[in-house]
Each structure stands twice: as C-alpha cells, then as structure tokens.
Amino acid sequence: MTEPQTSPQDWSIPGREGGSVRVLVVDDQEIIRLGLVRILAKHGFQCLEATGGEQALEILGREPVDLVLSDLLMPGMNGLDLVKAMASRIPETAVVMVTAMDSVDMAMECLAQGAYGYLLKPARTNAVLIQVASALRRRMLEREFRDREAVLAHKVREQTQEIRASREEIAFRLPVSQLEGFASI
C-alpha cells in the first residue's frame, strides 16, 4: 500500500503552522501507543502520550491539544468516560476512539458522546491519517461555524440598535399629533 502524497499537516488547519498540530495518544498498551505515535510523528504531528484516561485529563488540563486518539478499553477511566469528561471540560479538542472492539453499537455510542471518529485496531497508517484529518477538519468547521454565528449575532444586535435609534429619531421629529399611528408600526 502506498503512502499518501500529502500529509494532514500540509492541509489547511486554521491557526496552525505546518507540524504544530498536537495529538495526545492514550492507550494502556505501550506497543499500540508507540505505533500510533510513530505514524503521527512521521507525518509531522507533535505527539504526547498517556497510559490512561486520568493521565490524559491531567495532560489536557495543562497542555493545549488539538486531537486525542484514545483506546476504548483501558483500566480505570476508559475511553468512553474520557470522551464524556472532555465534552464538558475541553469541548475544543477532537477525539477519535481507537479500539479492537468491532461493534456498530459501541461506535455509535462513542459518536453520540462526542467522539469524532472510531478506528479499529490494528490501525493502518492511511486509516489513522484519514481519521485524524477528518476529525481535525470537522473541528475546524465547527469553530468556523461558531465564529460566523457570533459575527452574525453581533451584526443583528447592531442593526437592531440602529433601527431603534432611527425609529426614536423619527418619533422625536414628528409632531405629537402624528405619533399615535407611529406606535403601531
């Protein structure tokens, strides 16, 4: 199988230059964790590692991370618990679940709880890169949508204030006898 011609770090990710996309890989199995880190680092991602959900939350509390690749089944806090905790604390960070559990129901549950993707182990390089790129792209689009929504809400407030001001100006200039009909407009 051939490697992709371009890497996700080459794709346009707002606010990020080249290889500055930070990924936290969470897996209790060192061989899996190191394999994912190797794939990501080879393609220009900055990688952090955690052996479980609790350690991942500690890292996320002190370090900015763009994406978390997390195992689903781990001792202590599992991947689904991590996704739930992140949804309320760190909603800006995308999460992709990485698991050997080939279950549509579990995949749907992870997505319903806030995961951006579901990747089966053993993960092939292209599958990892596609899931990472997809999650980062979705995160970027959600941010753009939220930013546009905020700009539009601001414009609506400004225009509403302008309309009120112009109505008040008109009311101020009209003779009192004509104001009775103006109030119903």
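Cut-offs used in this document
Residues numbered from 1 in each chain as written. Predicted model: local features only at pLDDT ≥ 70, side-chain atom pairs only at ≥ 80, totals over all residues. Heavy atoms only, no water. Helix = DSSP H or I, 4+ residues; strand = E, 2+ residues; numbered from the N terminus. Buried < 20%, exposed > 50% of the residue type's maximum accessible area, 1.4 Å probe, protein only. Contact = heavy atoms within 4.5 Å. Pairing = 2+ DSSP bridges. Axes fitted to C-alpha atoms, helices over the stretch in contact; angles between N-to-C directions. Core = buried A, V, L, I, M, F, W, Y, C linked by side-chain atoms within 4.5 Å. Phe/Tyr/Trp six-rings, centres within 6.5 Å; stacked < 30°, edge-to-face > 60°. Lys NZ or Arg CZ within 6 Å of the ring centre and 35° of its normal. Expected span 1.5 Å × (residues − 1). Arc of directions from axis to C-beta. Right-handed = clockwise from strand over helix to strand, strands pointing away.

Draft legend 1. Here's a closer look at the environment of Gly117. Mapping Gly117 onto the fold places it in strand E5 (residues 117-120). Using a relative accessible area of 5% as the deciding quantity, one classes Gly117 as buried. Taking the C-alpha atoms as reference points, Gly117 and Met97, 20 residues apart in sequence, are found 6.1 Å from one another. Each residue touching Gly117, except ones within four places of it in the same chain, is listed here: Val95, Val96, Met97, Leu111 and Gln131.

Draft legend 2. The sheet that holds strand E1 (residues 22-26), seen in detail. As summarised here, the arrangement of the five strands in space is E2-E1-E3-E4-E5, forming an open sheet in which the pairing is parallel. Two strands close off the open sheet at either side, each with one partner strand: strand E2 (46-50) and E5. Taking the axes of each pair of neighbouring strands and ignoring which way they run, one obtains an average angle of 20° across the sheet. Sheet topology note: the E1/strand E3 (residues 67-71) ladder contains four bridges and is parallel. The residue bridging Val26 from the neighbouring strand is Ser70, located in E3. Along the sheet, helix H1 (residues 30-42) makes contact with E1, E2, E3 and strand E4 (94-99), crossing E2 at roughly 170°.

Draft legend 3. Structural context of the nonpolar core. Within the largest apolar cluster, 24 residues are counted, with the highest numbers of intra-cluster contacts made by Leu24, Val26, Leu60, Val68, Leu82, Met86 and Met97. Those elements that place two or more of their residues in this core are E1, helix H2 (53-62), helix H3 (79-89), E4 and helix H4 (104-112). If near-sequence neighbours (up to four positions away) are discounted, Met86 is found in contact with Leu57, Leu60, Val68, Pro91, Thr93 and Val95. Grouped together as the second largest cluster of nonpolar side chains are 20 residues, Phe45, Ala94, Val96 and Val128 included.

Draft legend 4. Just the packing of aromatic side chains, in detail. What the rule picks out here adds up to zero aromatic pairs. Over the ring of Tyr116 we find Arg138; its NZ or CZ atom is 4.0 Å from the centre of that ring.

Draft legend 5. Fine view of H1. The end-to-end C-alpha distance of H1 is 18 Å, a good match for the 18 Å that 13 residues give at a rise of 1.5 Å each. Here H1 has its buried residues at Arg33, Leu36, Val37, Ile39 and Leu40. In an axial view of H1, the angular spread of the buried residues amounts to 160°, which keeps them on one side of the axis. Looking at H1, the residues exposed on the side facing more than 90 degrees away from the buried face are Glu30, Ile31, Arg38 and Lys42. Directly beyond the C-terminal end of H1, a positive phi value near 90° is found at Gly44.

Draft legend 6. Layout of the side chain of Ser70. Inspection of the secondary structure assignment puts Ser70 in strand E3. Among the residues examined, Ser70 registers a relative accessible area of 0% and is labelled buried. Excluding anything up to four places from it in sequence, Ser70 contacts Val26, Gly79, Leu82, Val96, Met97 and Val98.

Draft legend 7. Examining the environment of Gln29 more closely. Tracing the chain through its elements places Gln29 in the loop between E1 and H1. Separated by 45 residues in the primary sequence, Gln29 and Met74 place their C-alpha atoms 8.7 Å from one another.

Draft legend 8. Focus on the pairing of E2. With five bridges joining them, E1 and E2 adopt parallel strand pairing. Paired with Val25 across the strands is Glu49, a residue of E2. On the question of chirality, the crossover connecting E1 to the parallel E2 by way of H1 is right-handed.

Draft legend 9. Just unusual backbone geometry, in detail. Cis geometry marks the peptide bond from Lys121 to Pro122; its omega dihedral reads -10°. Along the chain, Pro122 turns up in the loop between E5 and helix H5 (125-173).

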